[in-house]
Amino acid sequence: RITLAPGVFSPWVRLSFRRRFTRVGAIARFLLVSTGPAFRLYVSPLNISPEKPALPIAWPAAFSAYLAKRHGLFATLGLAEDTWALTGGAIGEEAFLRQACDIHAEREAMLFNALRLTRRGLCCCVFDLADRIQHTFLRPDPPRDAPASEGDPTRGTVPRSPSPVPDPVDDAYARCDALVGRLLPRLGRRDLLLVLSDHGFTAF
């Protein structure tokens, strides 16, 4: 049993499914969206349990279990931020941003731990926050020579509710910039910090 407060994500919850003569572990988070007039409960996509993964998700294989023991349960899906739930209306913008920032915080904890343990060589971590936020919150401007078309997402005319932060894209970059600021003092005199992006961005 877990206790849920409206609008507040639960911690990661362990789930177990029977598969023939074995059990497969998974984890998920729950969000009580509303209690009335209609009851609405959001459940995140199932993530492979990092404690005892049913499929290989790390190398060495025990690395995910080590991370879970040190930092607690964490998202393991390749695209853990549930963009479909946002665009489909299952959750609102505030809940999606909370989910994305929580996953970002999980990655930060892993990076600083890995950096502390890395004596030489390459220490690398992928952060998805800027990618997910830009794909979901960027809206293209209408062409200057074209009239606005009501409800046309390619013209930037889709009405949106006020966001919980003034500009989610700016906020995402501020969080990433703050991460760089916390990394720099931990670097040695001969260390090199590389910040890379895998591609440019636009709306989905």
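Below or above, wherever it landed, is the structure these notes cover. None of the values given here were measured: they were computed from a predicted structure. (Residues numbered from 1 in each chain as written. Predicted model: local features only at pLDDT ≥ 70, side-chain atom pairs only at ≥ 80, totals over all residues. Heavy atoms only, no water.)

**Overview of the overall build of the protein**
For step 1, the next point in the chain: Looking only at helices and strands, the protein has five helices and five strands in total.
For step 2, the next point in the chain: Within the protein, residue pairs in contact and separated by at least 24 positions form 52% of the contacts whose partners lie at least 6 positions apart.
For step 3, the next point in the chain: Total accessible area on the protein stands at roughly 13900 Å², and carbon and sulfur atoms take up 57% of it. (Helix = DSSP H or I, 4+ residues; strand = E, 2+ residues; numbered from the N terminus. Contact = heavy atoms within 4.5 Å. Areas by Shrake-Rupley, 256 points an atom, 1.4 Å probe, with all protein chains shown as cover.)

**Things to note about a nonpolar patch on the surface**
For step 1, the next point in the chain: Together, Phe39, Leu41 and Val43 make up a nonpolar patch on the protein surface, roughly 280 Å² of accessible area in all.
For step 2, the next point in the chain: The topology assignment puts Leu41 in strand β4 (residues 40-43). (Patch = residues over 30% accessible without salt bridge, like charges linked within 9 Å, V, L, I, M, F, W, Y side chains within 5 Å. Salt bridge = Lys/Arg side-chain N within 4 Å of Asp/Glu carboxyl O.)

**As for the pairing of strand β2 (residues 22-28)**
For step 1, the next point in the chain: As paired strands, strand β1 (residues 13-19) and β2 are joined by seven bridges and run antiparallel to one another. Across the sheet, residue Phe17 finds its bridge partner in β2, namely Val24.
For step 2, the next point in the chain: In sequence, β1 turns back onto β2 through a hairpin of two residues, with Arg20 there showing a positive phi of about 55°.
For step 3, the next point in the chain: Both β2 and strand β5 (residues 47-48) contribute to a ladder of two bridges, which runs antiparallel. Among the inter-strand pairings, Ile27 is bridged to a residue of β5, identified as Asn47. (Pairing = 2+ DSSP bridges.)

**Here we look at helix α4 (residues 129-137)**
For step 1, the next point in the chain: Judged by how many residues are buried, α4 sits mostly within the fold: nine of nine residues are covered.
For step 2, the next point in the chain: Packing partners of the buried residues in α4 comprise α2 (83-87), α3 (93-117) and α5 (168-183). (Buried < 20%, exposed > 50% of the residue type's maximum accessible area, 1.4 Å probe, protein only.)

Keep in mind these values describe shape, not function.
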